[in-house]
Amino acid sequence: MENLNYQLEPLTEEKKPIPKITYFTVSFLLLGWPLISLLMMSGDSAQNHSFKSLSYQIYLPTIITEWLLFFLILLTVKKERISLTQIGFRQFNLKNLLIGFGFVILSNIILVGVAFVVKSFGILPQKDISFLLPKSISERLFWIFMSASAALSEETCFRGYLLTKLNLWIRNSWLIVILSSLSFGMGHLYQGLGGVILTSVYGLFFAMLFLWRRSLTPCIFAHFIQDSSVVWLQWQM
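Residues numbered from 1 in each chain as written. Predicted model: local features only at pLDDT ≥ 70, side-chain atom pairs only at ≥ 80, totals over all residues. Heavy atoms only, no water.

Chemist: Explain the packing of aromatic side chains residue by residue, including any values.
Modeler: One pass over the full model with this rule turns up twelve aromatic pairs. When the ring of W33 is compared with that of F158, the centres are 6.4 Å apart and the planes differ by 50 degrees; the resulting orientation is tilted. Residue W33 is found in helix α1 (residues 20-40), and its partner F158 is found in helix α4 (residues 137-169); the two are separated by 125 residues along the sequence. Judged by relative accessible area, which is 8%, W33 ranks as buried. Here the aromatic rings of Y202 and F206 are separated by 4.9 Å at their centres, their planes lie at 55 degrees, and the arrangement is tilted. With Y202 and F206 both in helix α6 (residues 192-213) and four residues apart, this pair spans about one turn of that helix. (Phe/Tyr/Trp six-rings, centres within 6.5 Å; stacked < 30°, edge-to-face > 60°. Helix = DSSP H or I, 4+ residues; strand = E, 2+ residues; numbered from the N terminus. Buried < 20%, exposed > 50% of the residue type's maximum accessible area, 1.4 Å probe, protein only.)

Printed below as a string of C-alpha cells:
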C-alpha cells in the first residue's frame, strides 16, 4: 500500500492552477471541522442542558451543517473542474449495497475488540450522549434524515474528496488514511476521548472500504445504517 493509485477517472496531465477554495476546503476538513465540534459541544455543558426540542435545537442545525458541508464540496469540485465520479460517485449497485451492509457487521465486531483494548487503558467509557437520542416519533424521523445527511456529507468529504485530494499532494498512503481518519474522528469530540478514538478507527475502516471499492456507495450506505440503527433498534424494542 505504498501508493494509492485509486483515482476514479484520470485527470488531465495539463497542470492547472489550484483554486483558493481547494486550500480552504482541505484546511477546513482537517482543522475547522474538529474545531466546530469542540465549540458546539464543549465540556459537559450540552449534557447538562435541558433541550425543549431535540429536533429543532440539535437535529435540524446538524442537518443544515451537514448539507452546507456537502455543498462546499460540490462548489470546490466545480471550481476544480473535475467530475463527481472522480471522488467516488459511481457504481451504485446492489453488490456495493450488500458490501456496505456486511462492512457494518464486520467492522462493529472489530470495534468491540478495539473498545475492550482501549478500555483496558482507562480511556473508556465514552461520554454519555443518551440525552441526544430520539424519543418521540417526530424526533426519530428527524434522526433518520439527519443520519442520511451525515452519511452523504461526511463520506463525500472525508473519504471521497479528502482522500482523493491528499493523494495528489502526499505520496505516503498510510499518512493520507490516518489524516483523513483523524479529522473525521476529531469531529466527534463531543463523545469524549474514547469516542474520538473509536470513531477515528471506524474512519480508517471506511477509508479502506473506499480504496477497495473505488466507490462511495458502500461507504454512504454503511454510514447511514450505522447512524440510523438507533432508531431501528428502538422500534424493535
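And the narrative resumes.
Chemist: Please set out the packing of α4 against α6 residue by residue, giving values where relevant.
Modeler: Running from amino to carboxyl end, α4 crosses α6 at an angle of 60 degrees, the nearest separation of the two axes being 10 Å. For the element pair α4 / α6, the angle class is oblique. The two elements α4 and α6 meet at a crossing, and its hand is right-handed. Listed contacts from α6 to E155, R159, G160, L163 and T164 of α4 are G203, F206, A207, F210 and L211. Grouping the amino acids of the contact of α4 with α6 by side-chain chemistry returns five nonpolar, three polar and two charged. (Axes fitted to C-alpha atoms, helices over the stretch in contact; angles between N-to-C directions. Parallel < 35°, antiparallel > 145°, perpendicular 65-115°, else oblique. Left-handed = near helix turned anticlockwise from the far one by under 90°. Contact = heavy atoms within 4.5 Å. Nonpolar A, V, L, I, M, F, W, Y, C, P; charged D, E, K, R; others polar.)

Chemist: Describe helix α5 (residues 173-186), and please don't skip the residues or the numbers.
Modeler: For α5, which comprises 14 residues, the first-to-last C-alpha distance of 20 Å matches the rise-based estimate of 20 Å (1.5 Å per residue) to within 8%. Capping the start of α5 is the job of one residue whose side-chain oxygen sits 3.2 Å from the backbone nitrogen of W174: N172. (Expected span 1.5 Å × (residues − 1). Polar contact = N/O pair within 3.5 Å; in protein donor to acceptor, adjacent residues only side chain to side chain.)

Chemist: For the side chain of S55, give the residues involved together with the corresponding values.
Modeler: In this structure, S55 sits in helix α2 (residues 54-80). With sequence-adjacent residues up to four places away left out, S55 is seen in contact with L60, P61, S138, E139 and F142.

Chemist: Which residues make up the pattern of salt bridges, and what values go with them?
Modeler: Scanning all chains against the criterion turns up two salt bridges. Linking K165 and E80 is a salt bridge whose minimum nitrogen-to-oxygen distance equals 3.2 Å. Of this pair, K165 sits in helix α4 while E80 is found in helix α2, placing the two residues 85 residues apart along the sequence. For K165, a relative accessible area of 12% translates into the label buried. The buried category is assigned to E80, whose relative accessible area is 9%. Among the salt bridges present, the one from R159 reaches E155, with a minimum N-O distance of 2.6 Å. Within this pair, R159 and its partner E155 are both found in helix α4, separated by four residues, close to a single helical turn. Residue classification places R159 among the buried residues on the basis of a relative accessible area of 0%. Note on E155: relative accessible area 0%, which makes it buried. (Salt bridge = Lys/Arg side-chain N within 4 Å of Asp/Glu carboxyl O.)

Chemist: Quick one: what's the story with α2, residue by residue and with numbers?
Modeler: In this model α2 runs 38 Å from its N-terminal to its C-terminal C-alpha over 27 residues, within 8% of the 39 Å that 1.5 Å per residue would give. A maximum bend of about 30 degrees is found in α2 at L60, where proline P61 lies one to four positions downstream. Once α2 finishes, R81 follows within two positions and takes phi at roughly 60 degrees, a positive value. (Bend = angle between axes of the 7 residues up to and from the residue.)

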